[in-house]
Amino acid sequence: MLVRILVLLYLAGAPALAQTLCQPNASNGCRVRISIKTALGNQAYEWNENEMFLFRATMAFAMRRYYKTETYNVDNIIMCNQTLRVSFWFVVTSPENSTMLIPKADVEKAVRMSRHRINNAFLLTDRTLEFLGIHPTLAAPVNPDTPPWLIVFGVVIGAVFAGIIALLVSSLLQKRRKEKGMMEDGQDEEDRQMKGVENDNVLDGIYNRGFTDDDRFTKL
Amino acid sequence: MRLQLPNPGLEDRILSHEDLDKLETEEAGSGDRPKWDNKTQYMLTCVGFCVGLGNVWRFPYLCQSHGGGAFMIPFLILLVLEGVPLLHLEFAIGQRLRKGSLGVWSTIHPYLAGVGIASMFVSLMISLYYNTIMAWVMWYLFNSFQETLPWSQCPLNYNLTGLVSECEQSSPVDYFWYRETLNTTPDIGENGGLQWWMVLCLISAWAVLYICIIRGIETTGKAVYVTSTLPYVVLSIFLIRGLTLKGSLSGVVFLFTPDLTELTNPTTWLDAGAQVFYSFSIAFGGLISFSSYNSVHNNCEQDAVIISAVNGFTSVYAATVIYTIIGFRATERFDNCLGGNILTLLNTFDLPEGNVTENNYDQVLQSLNGTHPDIIQGLNLKTCDLNTFLSEGVEGTGLAFIVFTEAITKMPVSPVWSVLFFIMLFCLGLSSMFGNIEGVLVPLQDLGVFPKSWPKEATTGTTCVLCCIAGLIFVQGSGNYWLSLFDSFAGSIPLLIIAFCEMVGVVYLYGIDRFNEDIKFMIGHKPNLFWQITWRFVSPAIMFVIFVFYFITKVTETLLYKTWNPESENFPTLEEKPYPAWIYVIIFILAGIPSLAVPGTALYKCLRRKRDTKAEQQELKTVSNHIDVNDKAQDGKSHT
């Protein structure tokens, strides 16, 4: 009989006790603000008791992961002061002692560790599922080994210098070809280097036009 | 009898019409003078020279700040009265006298050689800083080949706890431009050293220019097929992209909404005149050179009209495209501002989402202000006005590197748009550089600075290398301030003086009658009354008025320049500082030397001629007095 009374008292008192533990602006409580419509637009779901249950389960999961124990349960997460904005306060009680609250710092660390999983459970992001007081994690900067602009610069300057050298070489070749062409013409019309052979000696001589009977000159 | 100043010896210095015709037929194959492969190359080169960065980033700003659609009126009027006649004059005189700018003015009258020298000096100064802008464009282009553009987010600070404070206070695009690109110092006196990444970009800009001008118009003529046409393609792509973005039409409407009261403001007319003048790249000497490579009977009148029309159309087209993107950016900012305010209200009053939207924001705010005025006060809500965002009109480098790049980061697939935009800017600038460099190279050749034995590749190469080295001023920490200094002073007053002297020289020294005859010989009919009136009275008068007003404005205003100073009080706003005293010397060199070269050379030549004639006269006296060329004396001698 006494046991039944005690059980009844406990069942009646537990929610009341839970309510006193969770207060807005409590030192160990965290405020959560959710913006479903901003995140999902037309595909926004309604925030109801089932979603609240999911939240409590996710938070229990986060606490389990942080402490690496399997003792946390949905009952350990107590929520209060829900508004239409969809914001509420929650506190986490210790699984051993349901009147003792887990300090805020530890809750924050747990949330930070599993932030990505919590966000994904609700299809939200750091900005739309806000834990007030816990800043969103900054994306780690991606530092490539060579800055990408240097690669593009290298390609462009390589192509340009190759082009310059090609053009310079081609104009040099053109000039040489022209000079060679002119030299051949010159030999045709002016002095011709004749090689004379006398007594098996090679003599270099210049053909003297003055002594030729050349039809090229105009006849008087 | 028309007013004609005495000009002895003109006939001896110019080729007669018969000689020109003979030259035309003889020079058909090869010749000393380079030639355009076909008319298209010539037109594209001239269009490319005229259409430059100013069409994209100066004209839209002027249009929007001087009454939108109403600005078209002074712009078009001055285009017809000032731009077209000057253009026709330069084309005709170049085609007739078949020389570069220095040669043309020396031929018309030896004392006018100063005009050619001034043109060369101005072209040189402008080439130096213009290619630095190309270097900046290349830097942004190289950085666009990344998935997240580097100017879309602030970098993290040293211990990875937050964003860099300079970036957080201003914006990622500002930070990228002032810190990561320019690494600007707070004062023009502190030079901050050479920024190595900018030096690399400067070298690449000059290298690309060199490869395009390596053999003169032979290579330039081929390059312009790409550099002059690509900007139009990209502008059209951006127009289509822009029109599909939210808020673009509000930008275009804002740009073209006429405010006819602006027409009574003289600054509007002055700015329109100055814009037409600078946009046509007149008085650089490049256009004279380009048209001197034409055949003698090319229809220069038609060319001038076509190129003016294309230039005007491009200005308007580019303004439309730019303002679709600016409209999009302004709407985006407005939406963010309003969204931020709405979120604040929702959060403070714990209202469900969707209760306060853009439509009922004002009513809700009013009702809340009635019930909880103190809370509303404490929130410090920003006032969001679309027109304020739209009229944050920016021009120049601010438009291209800050406003436009920010807008690009908000578009999907940003790297593609960024690459396209900077390629377009690069092509616009490169085609203008062709003309600038032509205005430097041809006078240098005419002056005989380079030995005749040097091939064309060597002369262009040397010029590019020397200009690149001189351009290192602009890639130091304070380079941006030097660039604005050069922009304001090297390219404004001297050009007005040169253009005025050009008109007076051709009309009154060369002789308008002779000029009319020349044009009749070249294109078949005498220029009609419109050209006569504009050449002789209207255009020189407009030049003179603009020059006087510009001069007075520049001389009377205290010279301030805007600096990026992270330590200043209202930080993201640029701090205005006065120039230090030694800058005035530099300003005098930039603006004064080309302007004074015109009378200075005339004086020098005059004095030298007087000295030469005196020496000749003295020699004559000596010869006739001391040597007897009398036959009688010799007869006498032979008898003895």
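Residues numbered from 1 in each chain as written. Chains lettered and ligands numbered in written order. Predicted model: local features only at pLDDT ≥ 70, side-chain atom pairs only at ≥ 80, totals over all residues. Heavy atoms only, no water.

Quick look at the overall build of chain A
Across its full length, chain A carries 6 helices and 6 strands. Written out in order from the N terminus, the α and β elements of chain A read α-β-α-α-β-β-α-α-β-α-β-β. Looking at chain A as a whole, 29% of its 220 residues qualify as buried. For chain A, restricting intrachain contacts to residue pairs at least 6 apart in sequence, the fraction spanning at least 24 positions comes to 55%. (Helix = DSSP H or I, 4+ residues; strand = E, 2+ residues; numbered from the N terminus. Buried < 20%, exposed > 50% of the residue type's maximum accessible area, 1.4 Å probe, protein only. Contact = heavy atoms within 4.5 Å.)

Side note on the nonpolar core
One finds B:Ile108 and B:Phe515 to be the most contacted residues of the largest nonpolar core, which totals 185 residues. For this core, the element with the highest residue contribution is helix 25 (residues 493-523) of chain B, accounting for 19 residues. In this view, B:Ile108 contacts B:Asn7, B:Leu10, B:Arg13, B:Ile93, B:Leu97, B:Gly505, B:Val506, B:Leu509 and B:Tyr510; residues no more than four positions away in its chain are not counted. Ranked by size, the runner-up nonpolar core spans 29 residues in total, among them A:Met79, A:Phe90, A:Val111 and A:Phe131. (Core = buried A, V, L, I, M, F, W, Y, C linked by side-chain atoms within 4.5 Å.)

Let's talk about the state of the cysteines
All names here are of chain B. Evaluation of the coordinates by the stated rule reveals 2 disulfides over all chains. In this model Cys-154 forms its disulfide with Cys-167; the gap between the sulfur atoms is 1.8 Å. Taking the sign of the S-S torsion, about -85 degrees here, the bridge from Cys-154 to Cys-167 comes out left-handed. Of the two residues, Cys-154 is situated in the loop between helix 8 (113-142) and helix 9 (165-169) and Cys-167 in helix 9; the sequence distance between them amounts to 13 residues. Like Cys-167, Cys-154 is buried. One disulfide in the model links Cys-337 with Cys-384; its S-S distance is 1.8 Å. Disulfide Cys-337-Cys-384: the torsion about the S-S bond is -80 degrees, which places it as left-handed. A residue pair is termed long-range when its members are at least 10 positions apart, and Cys-337 in helix 17 (residues 300-349) and Cys-384 in the loop between helix 19 (373-379) and helix 20 (386-390) qualify at 47 residues. Of the two residues examined, Cys-337 and Cys-384, each falls in the buried class. Taken N- to C-terminal, the disulfide-bonded cysteines of chain B are connected 1-2, 3-4. Free of any disulfide, Cys-427 has its nearest cysteine sulfur in Cys-212, 9.3 Å distant. (Disulfide = S-S within 2.5 Å.)

Re the side chain of B:Ser595
All names here are of chain B. Mapped onto the elements, Ser-595 comes out in helix 27 (residues 581-626). For Ser-595, a relative accessible area of 14% puts it in the buried group. Not counting chain neighbours up to four residues away, the residues in contact with Ser-595 comprise Pro-494 and Ile-497.

Concerning a nonpolar patch on the surface
All names here are of chain B. Residues Val-585, Phe-588, Ile-589, Ile-593 and Leu-596 make up a contiguous nonpolar surface patch of about 460 Å² in total accessible area. Position of Phe-588 relative to the elements: it lies in helix 27. Phe-588 sits in the exposed class, given a relative accessible area of 51%. (Patch = residues over 30% accessible without salt bridge, like charges linked within 9 Å, V, L, I, M, F, W, Y side chains within 5 Å. Areas by Shrake-Rupley, 256 points an atom, 1.4 Å probe, with all protein chains shown as cover. Salt bridge = Lys/Arg side-chain N within 4 Å of Asp/Glu carboxyl O.)

Digging into the UniProt feature "binding site: Na(+)" (unreviewed entry) in chain B
All names here are of chain B. Sites flagged by UniProt as "binding site: Na(+)" (unreviewed entry) map to Gly-48, Val-51, Asn-55, Ser-279, Asn-311, Leu-428 and Ser-432. The named residues occupy 385 residues along the chain; their greatest pairwise C-alpha distance, 12.7 Å, places them in one compact cluster. Mapped onto the elements of the fold, Gly-48 is located in helix 3 (residues 39-50). Not counting residues within four places of it along the chain, the set of residues in contact with Gly-48 comprises Ser-228, Leu-428, Ser-431 and Ser-432. Relative to the helices and strands, Ser-432 is located in helix 22 (residues 414-447). (UniProt positions renumbered as here; feature names shortened; annotations may be inferred.)

Points about the packing of aromatic side chains
Residues and elements named next belong to chain B. Under the criterion given, the structure shown has 57 aromatic pairs over all chains. Taking the centre distance of 5.0 Å and the plane angle of 90 degrees together, the rings of Phe-474 and Phe-486 count as edge-to-face. Taken together, the residues span a long stretch of sequence, with Phe-474 in the loop between helix 23 (456-470) and helix 24 (479-489) and Phe-486 in helix 24 at a distance of 12 residues. Over the face of the ring belonging to Tyr-510 we find Arg-514, whose NZ or CZ atom lies 6.0 Å from the ring centre. Lys-554 extends its terminal NZ or CZ atom over the ring of Phe-489, reaching a point 5.2 Å from the ring centre. (Phe/Tyr/Trp six-rings, centres within 6.5 Å; stacked < 30°, edge-to-face > 60°. Lys NZ or Arg CZ within 6 Å of the ring centre and 35° of its normal.)

What to know about the packing of helix 7 (residues 101-108) of chain B against helix 8 of chain B
All names here are of chain B. Two elements in contact, helix 7 and helix 8, have axes whose closest approach is 7 Å; the angle formed by their N-to-C orientations is 165 degrees. Classified by the angle between their axes, helix 7 and helix 8 sit roughly antiparallel to one another. The interaxial crossing formed by helix 7 with helix 8 has right-handed handedness. For the pair helix 7 and helix 8, the contacting residues are Ser-101, Leu-102, Trp-105 and Ser-106 in the first and Ala-113, Val-115, Gly-116, Ile-117 and Ser-119 in the second. Here the contact of helix 7 with helix 8 is built from residues that sort into 5 nonpolar, 4 polar and no charged. (Axes fitted to C-alpha atoms, helices over the stretch in contact; angles between N-to-C directions. Parallel < 35°, antiparallel > 145°, perpendicular 65-115°, else oblique. Left-handed = near helix turned anticlockwise from the far one by under 90°. Nonpolar A, V, L, I, M, F, W, Y, C, P; charged D, E, K, R; others polar.)

A few points about the sheet that holds strand 3 (residues 87-92) of chain A
All names here are of chain A. With antiparallel pairing, the 4 strands of this open sheet are ordered in space as 2-3-1-4. The open sheet terminates on both sides in strands that have one partner only, identified here as strand 2 (77-80) and strand 4 (129-132). Strand after strand, the sheet turns through a mean of 30 degrees between neighbouring axes, direction not considered. In the sheet, strand 1 (residues 30-34) pairs with strand 4 via 4 bridges, with the strands oriented antiparallel. Each bridged residue has a counterpart across the sheet, and for Val-32 the counterpart in strand 4 is Phe-131. The sheet contacts of helix 3 (residues 49-67) involve strand 1, strand 2, strand 3 and strand 4, and relative to strand 2 the element is tilted by about 140 degrees. (Pairing = 2+ DSSP bridges.)

Observations regarding helix 18 (residues 361-371) of chain B
All names here are of chain B. Of the residues making up helix 18, those classed as buried are Tyr-361, Val-364, Leu-365 and Leu-368. Projected down its long axis, helix 18 carries its buried residues within an arc of 100 degrees, all on one side. Across from the buried face of helix 18, at angles greater than 90 degrees, the exposed residues are Asp-362, Gln-363, Gln-366 and Gly-370. Taken together, the buried residues of helix 18 touch helix 17 and helix 19. (Arc of directions from axis to C-beta.)

As for the pattern of salt bridges
Residue and element names in this part refer to chain B. Across all of its chains, the model carries 14 salt bridges over all chains by this definition. Here Arg-96 ties to Asp-518 by a salt bridge, and the two come within 2.8 Å at their closest N and O atoms. Taken as a pair, Arg-96 in helix 6 (residues 72-97) and Asp-518 in helix 25 lie far apart in primary sequence, 422 residues in all. Both residues of the pair, Arg-96 and Asp-518, count as buried. Its salt-bridge partner being Arg-333, residue Glu-406 comes within 3.3 Å of it at the nearest N-O pair. Placement of the pair is Glu-406 in helix 21 (residues 397-410) and Arg-333 in helix 17, with a sequence separation of 73 residues. Glu-406 sits in the buried class, given a relative accessible area of 11%. The class for Arg-333 is partly exposed, based on a relative accessible area of 28%. Among the ionic contacts, a cluster of salt bridges with common partners joins Arg-329, Arg-333, Glu-406 and Lys-410.

Remarks on unusual backbone geometry
Leaving glycine aside, a negative phi is the common case for residues, and trans is the common case for peptide bonds. All names here are of chain B. Positive phi, normally seen in glycine, also occurs at Asn-183, with a value near 50 degrees. Relative to the assigned elements, Asn-183 resides in the loop between helix 10 (172-181) and helix 11 (196-213). Residue classification places Asn-183 among the partly exposed residues on the basis of a relative accessible area of 26%. If you check the backbone angles, Ser-281 has positive phi at about 50 degrees while not being a glycine. Under the relative-accessibility criterion, Ser-281 is labelled buried at 7%.

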